[in-house]
Amino acid sequence: MGQAYDDLGFPIPAEFDVPNADGRVRRPRRPAGPTKRWLVLLVAVGIVLPAVVGPELVPFAREAVVRWSLERAFACEARDDVAGAVRELERAIAWNGDDASLLAARAMLRLEHGDAAGARLDADRAVALSPARLEAYRVRAIVNVCEGRADEALADVERVVDLAGDDNGEAVNLRAYVCGLVGREIPTAVAEIEQLLAGMPAPPPEYLDTRGFLRHLDGRHDEALIDIDEAISLTQQQRQQMMLLAGRVDRVELLQRMRSLDHAMAVMFHHRGLIFEALGAAEQAQADFELARRKGFAPERGIL
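All figures in this text were calculated on a predicted structure; none of them were measured in a lab. (Residues numbered from 1 in each chain as written. Predicted model: local features only at pLDDT ≥ 70, side-chain atom pairs only at ≥ 80, totals over all residues. Heavy atoms only, no water.)

**Student:** With reference to specific residues and values, describe unusual backbone geometry.
**Tutor:** The backbone of Asp 80 shows a phi angle near 65 degrees, a positive value even though the residue is not glycine. On the secondary structure map, Asp 80 appears in the loop between helix H3 (58-78) and helix H4 (82-96). Residue classification places Asp 80 among the exposed residues on the basis of a relative accessible area of 52%. At Glu 185, a residue that is not glycine, the phi angle is positive and equals roughly 55 degrees. (Helix = DSSP H or I, 4+ residues; strand = E, 2+ residues; numbered from the N terminus. Buried < 20%, exposed > 50% of the residue type's maximum accessible area, 1.4 Å probe, protein only.)

Structure below.
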């Protein structure tokens, strides 16, 4: 359906432009009003459409319902209605049939909704359907981490790196981070993430967070604190830039991006709390743990 994917096989969300000097931004194109009304209408008549207009329009009806369901799922997730997002994806899968990307997306939502068993079923099915698709292994690795399956999680991230290549920053960062989450191969993971960042003049905040987390696990708390502080600062700057776009871009897309940044900061605040705790700064640690909780940190639900 024309979706673009990143290096790990995940759908690429709409990008947001920071306002120019004159205050204007380029708005993403949105479907015209009549188009959306037709999508809603197709949902209402989809069951009887084949008998009325013939089988040649069945694929069009199916695609329309799937698109509409995905739009609704995106909107539900942006509003923190995870249960609603799961239901919309269930409709999309029912109409489209099993698809690795849709199953992987539902797996992550089910995990966030507290349904680890359902998430595992979706992740396993996604891997079985598309054994060469990166996203299925990435999602299953997270499910395995949440379920305490360290060996299986490491095997899945190794498969991600095998498919993406050792020069793929996202895959390398994922493998290093999962090593930290399961407490395995920490010195190797530290060396790997340090080598990755050494060639980057401006590392993404999530990579800095990974390095800080791993340095903390390696007992290098002072260096770790520098990394996490920078990661939090960069992410806060991104969030401030997003807030400048309020009223200028699609509200649902903006809410979704803000939600993603808040979850990223939740993890970073938790990591900084661990570092403060290791350094004996109990009050600062508790303040960060509370910030992490308020922003959604929840390891059992995949926000880790």
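**Student:** Kindly report on helix H6 (residues 116-129), identifying the contributing residues and their values.
**Tutor:** With 14 residues, H6 should cover 20 Å at 1.5 Å per step; its first-to-last C-alpha distance of 20 Å lies within 8% of that length. For H6, every residue scored as buried is listed here: Gly 118, Ala 119, Arg 120, Asp 122, Ala 123, Ala 126 and Val 127. The inward-facing, buried residues of H6 abut helix H5 (100-112) and helix H7 (134-146). (Expected span 1.5 Å × (residues − 1). Contact = heavy atoms within 4.5 Å.)

**Student:** Now, about the nonpolar core: what can you tell me, with residues and values included?
**Tutor:** Within soluble globular proteins, side chains that are nonpolar generally end up buried alongside one another. Val 178, Val 182 and Leu 214 are the most contacted members of the largest nonpolar core, which has 61 residues in total. Tallying contributions element by element places helix H9 (residues 169-182) first for this core, with eight residues. Other than its neighbours up to four places away in sequence, Leu 214 contacts Ala 176, Gly 180, Ile 186, Ala 189, Val 190 and Ile 193. Ala 107, Ala 119, Ile 142 and Val 143 belong to the second largest nonpolar core, which has eight residues in total. (Core = buried A, V, L, I, M, F, W, Y, C linked by side-chain atoms within 4.5 Å.)

**Student:** Requested: an account of the pattern of salt bridges, with residues and values cited.
**Tutor:** Using the criterion set out here, one finds 31 salt bridges in the structure. One salt bridge connects Asp 80 with Arg 259, and the closest N-O pair in it is separated by 2.4 Å. Residue Asp 80 is found in the loop between H3 and H4, and its partner Arg 259 is found in helix H13 (residues 251-278); the two are separated by 179 residues along the sequence. Ionic pairing is found between Glu 88 and Arg 91, a salt bridge with its closest N-O pair at 2.2 Å. You can see Glu 88 and its partner Arg 91 sitting in helix H4, three residues apart, about one turn around the helix. Using a relative accessible area of 6% as the deciding quantity, one classes Glu 88 as buried. A network of salt bridges, in which partner residues are shared, links Glu 194, Arg 211, Arg 215, Asp 218, Arg 220, Glu 223 and Asp 227. (Salt bridge = Lys/Arg side-chain N within 4 Å of Asp/Glu carboxyl O.)

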